[in-house]
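Breakdown of the fold
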Amino acid sequence: MVAMPTILRPADGLFPKSKQNTHLIVKSEFEEEAIKVFEGTGIKVTSEGHEMLGSAIGSHDFVKTFTAEKIDVFVNEIEDFAKIAEHYPQSAYAAFSHCIVSKWRYLMRTVEDIDSLFEPLEDSINQVFIPALTGRSHCNANERSFISLPIRYGGLNIINPITNASHEYQSSQKISAPLKGMIVKQRESFSKPQLQSIKASLRQEKKERMKDMSQQEIGKSLIDNTSFSAAPPVVEKTSGVKELFSTSLTCSPYSLFLSNSCFRNRAATLVLR
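Anyway, here's the lowdown on the structure attached to this text. Please read all numbers here as calculations on a predicted model, not as lab measurements.

**Considerations on the packing of helix 3 (residues 89-110) against helix 4 (residues 119-134)**
Contact pair helix 3 / helix 4: the axes reach a minimum separation of 11 Å and the direction vectors enclose 160°. Judged by the inter-axis angle, helix 3 sits roughly antiparallel to helix 4. Our pair here, helix 3 against helix 4, has a crossing hand that is left-handed. On helix 4, the residues touching Pro89, Ala92, Tyr93, Phe96 and Trp104 of helix 3 are Leu121, Ile125, Phe129 and Leu133. Considering only residue class, the contact of helix 3 with helix 4 consists of nine nonpolar, no polar and no charged.

**Considerations on helix 6 (residues 161-175)**
For helix 6, with 15 residues, the first-to-last C-alpha span of 20 Å sits near the 21 Å given by 1.5 Å per residue. Those residues of helix 6 not exposed but buried are Pro161, Asn164, Ala165, Glu168, Tyr169, Ser171 and Ser172. For helix 6, the arc enclosing every buried residue in end-on projection is 165°, short of the 170-degree limit, so these residues lie on one face. Where helix 6 starts, the residue carrying a side-chain oxygen 2.9 Å from the main-chain nitrogen of Ile162 turns out to be Asn160.

**Quick word on the pattern of salt bridges**
Evaluation of the coordinates by the stated rule reveals five salt bridges. Glu32 is the salt-bridge partner of Lys36, the closest N and O atoms lying 3.9 Å from each other. Of this pair, Lys36 and Glu32 both sit in helix 1 (residues 31-37), four residues apart, which is roughly one turn of the helix. Each member of the pair, Lys36 together with Glu32, is exposed. Between Arg109 and Glu168 there is a salt bridge whose closest N-O contact spans 2.8 Å. With Arg109 in helix 3 and Glu168 in helix 6, this pair connects stretches of sequence that are 59 residues apart.

Scoring rules and cut-offs
Residues numbered from 1 in each chain as written. Predicted model: local features only at pLDDT ≥ 70, side-chain atom pairs only at ≥ 80, totals over all residues. Heavy atoms only, no water. Axes fitted to C-alpha atoms, helices over the stretch in contact; angles between N-to-C directions. Helix = DSSP H or I, 4+ residues; strand = E, 2+ residues; numbered from the N terminus. Parallel < 35°, antiparallel > 145°, perpendicular 65-115°, else oblique. Left-handed = near helix turned anticlockwise from the far one by under 90°. Contact = heavy atoms within 4.5 Å. Nonpolar A, V, L, I, M, F, W, Y, C, P; charged D, E, K, R; others polar. Expected span 1.5 Å × (residues − 1). Buried < 20%, exposed > 50% of the residue type's maximum accessible area, 1.4 Å probe, protein only. Arc of directions from axis to C-beta. Polar contact = N/O pair within 3.5 Å; in protein donor to acceptor, adjacent residues only side chain to side chain. Salt bridge = Lys/Arg side-chain N within 4 Å of Asp/Glu carboxyl O.

Structure follows, in structure tokens:
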């Protein structure tokens, strides 16, 4: 949002290169004045909001509506992936891991407080995609939690978007802090050691969070007397798991491409116990 006193207008030398795609977002109390100032320039003035680099900026309602529409697209993609997983589970798993999740993370990192908006997506993952991937018709809460863990902790790294959204946004805030400070203070560079320190800290925080989560889920499974016959060990590296669940789409030269039944059986053995 830009207050009118600081807006650069045509009289101040503002001449956008692409007038057809130029939008100016202002506070609602300045909208009428801004429309008059930029009349005839081709600049579209709004107090609602607009898409920006695949995300959205503007009013709270606009951002939420935009995000919900994006998530609806993700839900449709998950349903398509589920259809593929019925016949090619490992390929669907690989495409899920390498492609679609990155789009969710981008949205999570650029929009604040959208955890609850991901509920339809999580429902689709839990009720449609995971059953198609594993060949099981049922996935209880504890199994879902284990599946969301990284491979090194015995999971399949099929993240829960509801629980991940806030962590991703916080990480984005921290990692972009040096750049933000550079812009605010009008410096020409930022401290690279500071950025490296932030990255290392975020990696350690995530590692500890995943380890704590795995231990908590093991405790829940034992207390609730679930279908797990034994809890997966909490280790830094699970021997052979990465090979069993290679996310490479073209891994047959390395003998890592599993048959459908083999992939599902090993998923059941390692996670859905």
